[in-house]
There are 2 protein chains.
Amino acid sequence: MLTPEELERIVVVLVAPRNPNNIGAAARAMSNFGFPHLRIATTYDVPFHDARSAVGAAETLAAARQFERLEEAVADCSLVVGTTAVGPREVQHPLHRLEAAGGLIRAHVSGVPPGVAEASAGRVAILFGSEKTGLSREDLSHCHWLLRIPTRVEHRSMNLGQAVSLCLYELIREELLREELIREELLKETGGAGSELPRQGNAPAATAEERERLLALLLRALEVSGYTQPNADQDMQQKFRRLILRLNPAHGDVAVLLGVLRQFLWKLNRSG
Amino acid sequence: MLTPEELERIVVVLVAPRNPNNIGAAARAMSNFGFPHLRIATTYDVPFHDARSAVGAAETLAAARQFERLEEAVADCSLVVGTTAVGPREVQHPLHRLEAAGGLIRAHVSGVPPGVAEASAGRVAILFGSEKTGLSREDLSHCHWLLRIPTRVEHRSMNLGQAVSLCLYELIREELLREELIREELLKETGGAGSELPRQGNAPAATAEERERLLALLLRALEVSGYTQPNADQDMQQKFRRLILRLNPAHGDVAVLLGVLRQFLWKLNRSG
């Protein structure tokens, strides 16, 4: 979980993007995950303020800044990370998978990397290259290290908006293993104050007594319908008791099923 | 890390997508991460084979299957997960954050969740609604539980291709201690009624198709018995679909219940 101050220290830099819609898609992902700073490094005059796919991202686009040169776009950043589709053998830079890169970037913006007590927080730029060619050798020369999204070797090239979205998600992703987060999830699950229907997974299960009432009514309906002989044997009774036990209906669902069976019985008793 | 067999068991279902380019973007993300099965549930004739943004995803698009009805698209799946942008207070289904949902889905397709030694692997459908409106109430009634990508409350609505991409990334993402996370989630799931996993250790859960057959017969019996009016409304249908989902009957139990309902119907039809 990044604090607002930490989110402020992360800058998304699109280098020479071609398609305004991709800029819009990147801005939308940034808005979804709460990253305010978009910069675009290009010598072309990209009409990104009109980007169509930027549902709800008008604010992010309006605040976006354009730079002619990459060095200007990353001038205030103390860590510059390049994104790449290529594998470790093809680059000279250190290369980290996204999962690990996320931890490094978070450590940099939080200023408290494990084991480096006196580190101070810095600004990070994450660079995304153009749709066709990615980052150039010149662009890469500005990077401290590279980040790779773990795509298949056979199909590495990603959609630009999706790549931005994945990197930001990894940064805000929560490790649910932490005790308090598990508790939070559980609270969310069980605190169904607003929900009317019992929820799967935590609705109170029916008691044995309720299940027996359901079984009794079911056995009567089975007999009246001709499914079983009068006074069905113990085997049949146990078979359906086990079935109801496996279904393990919730308290509220038993009430519905009893109503259904009563209606069936009423009608079955009228049949010839 | 998912095995090829596990990847085969995960189906991405786009429900009523509007824009062929989004279908292409979803297919590209699937190809990036190695998920082969794309299904599209729509009554429109979507020209998705021409989707433009599908760089490198021609194979995925060529193998995509179109269905007129959602129930056909998920017929062979024993777990159906809906994606949603809304928060826990606004839905009736159990809701899991993406981080936790990934563990649950992997447990289902791997068939070896910790602590449930004899569970067998099942197929999972992950549903994505249309760009404008998301999944409808009717669509949601097919879902066991919902998955939420942890976007900001102020801007929840995501680009469709990005949403697909994030969900698949979470599934192939590598993490230490994942086993523990899954165990926690499973405990949560099995703590109450109607758990998503097979209850009695080794009985495979019914597929969506089997559950639909059960629902159809139940609805007919409800009508013939006078419990519902002829041509019961959608609400009633969805109410009982959710109930059957919660009961989550095993494959073998569905066969028994179908036999019971057929006998009831035979007798009910003879009543005056």
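Residues numbered from 1 in each chain as written. Chains lettered and ligands numbered in written order. Predicted model: local features only at pLDDT ≥ 70, side-chain atom pairs only at ≥ 80, totals over all residues. Heavy atoms only, no water.

### Focus on the overall build of chain A
Point 1. Secondary structure summary: chain A contains eleven helices and seven strands in total.
Point 2. By residue count, 50% of the 272 residues in chain A fall in the buried class.
Point 3. The contacts of chain A with a sequence gap of at least 6 include a subset with a gap of at least 24, amounting to 77%.
Point 4. A total accessible area of about 13,100 Å² is found for chain A, and carbon and sulfur atoms account for 52% of it. (Helix = DSSP H or I, 4+ residues; strand = E, 2+ residues; numbered from the N terminus. Buried < 20%, exposed > 50% of the residue type's maximum accessible area, 1.4 Å probe, protein only. Contact = heavy atoms within 4.5 Å. Areas by Shrake-Rupley, 256 points an atom, 1.4 Å probe, with all protein chains shown as cover.)

### Some thoughts on the packing of aromatic side chains
Point 1. One pass over the full model with this rule turns up six aromatic pairs over all chains.
Point 2. Ring geometry for Phe33(B) against Tyr169(B): centres 6.3 Å apart, planes inclined by 45 degrees, an arrangement best described as tilted. You can see Phe33(B) sitting in helix α2 (residues 20-33) and its partner Tyr169(B) sitting in helix α7 (residues 160-172), a full 136 residues away along the chain.
Point 3. The exposure class assigned to Tyr169(B) is buried, which follows from its relative accessible area of 0%.
Point 4. When the ring of Tyr227(B) is compared with that of Phe240(B), the centres are 6.1 Å apart and the planes differ by 70 degrees; the resulting orientation is edge-to-face. In this pair, Tyr227(B) sits in the loop between α9 (208-224) and α10 (234-247) while Phe240(B) sits in helix α10, placing the two residues 13 residues apart along the sequence.
Point 5. The partly exposed category is assigned to Tyr227(B), whose relative accessible area is 26%.
Point 6. Look at Phe240(B) and you get buried, because its relative accessible area is 1%.
Point 7. Ring pairs connect the aromatic residues Phe33(A), Tyr169(A), Phe33(B) and Tyr169(B), which therefore count as one cluster. (Phe/Tyr/Trp six-rings, centres within 6.5 Å; stacked < 30°, edge-to-face > 60°.)

### Overview of the pairing of strand β1 (residues 10-15) of chain A
Residues and elements named next belong to chain A.
Point 1. In terms of residue burial, β1 counts as a mostly covered element, since six of its six residues are buried.
Point 2. Because side chains alternate across β1, one face comprises the buried residues Ile10, Val12 and Leu14, and the other comprises Val11, Val13 and Val15, equally buried.
Point 3. Judged from the five bridges that link them, β1 and strand β6 (residues 124-128) form a sheet pairing that is parallel. Considered in β6, the bridge of Val11 is made with Ala125.
Point 4. One crossover worth recording links β1 to the parallel strand β2 (residues 37-41) by way of helix α2 (residues 20-33), and it is right-handed. (Pairing = 2+ DSSP bridges. Right-handed = clockwise from strand over helix to strand, strands pointing away.)

### As for empty space enclosed by the protein
Point 1. Counted under the stated rule, the structure contains seven cavities of 30 Å³ or more.
Point 2. The computed volume of the largest cavity comes to approximately 410 Å³.
Point 3. Taken together, 20 residues make up the lining of the largest cavity; nearest its centre are Leu218(A), Leu247(A), Leu257(A), Leu247(B) and Leu257(B).
Point 4. Secondary-structure elements contributing two or more residues to the lining of the largest cavity are α9 (208-224), α10 (234-247) and α11 (251-269) of chain A together with α9, α10 and α11 (251-268) of chain B. (1 Å grid on protein atoms, 1.4 Å probe; cavity = no way out; pocket = protein on both sides within 12 Å on 5 of 7 lines; lining within 4 Å. Points joined across faces, edges and corners; volume = space filled by probe spheres on them.)

### Considerations on the sheet that holds strand β3 (residues 65-67) of chain B
For sheets, the rule is that strands pair by backbone hydrogen bonds, running either parallel or antiparallel.
Residues and elements named next belong to chain B.
Point 1. The seven strands lie next to each other as β3-β2-β1-β6-β4-β7-β5, forming an open sheet whose pairing is parallel. Edge positions in the sheet fall to β3 and β5 (95-97), since each has one partner strand and no second. Direction aside, neighbouring strands of the sheet carry axes that sit 30 degrees apart on average.
Point 2. Sitting on the sheet, α2 touches β1 (10-15) and β2 (37-41), and the angle it makes with β2 is about 160 degrees. (Axes fitted to C-alpha atoms, helices over the stretch in contact; angles between N-to-C directions.)

### A short note on the side chain of His144(B)
All names here are of chain B.
Point 1. For His144, the position within the fold is in the loop between α6 (137-140) and β7 (145-148).
Point 2. Residue classification places His144 among the buried positions, given a relative accessible area of 1%.
Point 3. Of note is the side chain of His144, whose polar atom sits 3.4 Å from the side chain of Arg211. (Polar contact = N/O pair within 3.5 Å; in protein donor to acceptor, adjacent residues only side chain to side chain.)

### What to know about the packing of α11(A) against α10(B)
Point 1. Where α11(A) meets α10(B), the closest approach of the two axes is 11 Å, and the angle between their N-to-C directions is 120 degrees. Looking at the two axes, α11(A) sits oblique to α10(B). Between α11(A) and α10(B) lies a crossing whose hand is left-handed. Where α11(A) approaches α10(B), its residues Asp253(A), Val256(A), Leu257(A) and Val260(A) are matched on the opposing element by Lys239(B), Phe240(B), Leu243(B), Arg246(B) and Leu247(B).
Point 2. Of the residues belonging to the contact of α11(A) with α10(B), the class tally is six nonpolar, no polar and three charged. (Parallel < 35°, antiparallel > 145°, perpendicular 65-115°, else oblique. Left-handed = near helix turned anticlockwise from the far one by under 90°. Nonpolar A, V, L, I, M, F, W, Y, C, P; charged D, E, K, R; others polar.)

### What about the state of the cysteines?
All names here are of chain A.
Point 1. This model, assessed by the stated rule, comprises zero disulfides over all chains.
Point 2. Just so you know, Cys143 is unpaired, no disulfide at all, and the nearest cysteine sulfur is the one on Cys77, 11 Å from it.
Point 3. Given a relative accessible area of 8%, Cys143 falls into the buried group.
Point 4. With no disulfide of its own, Cys167 lies 12 Å from the sulfur of Cys143, the closest cysteine sulfur. (Disulfide = S-S within 2.5 Å.)

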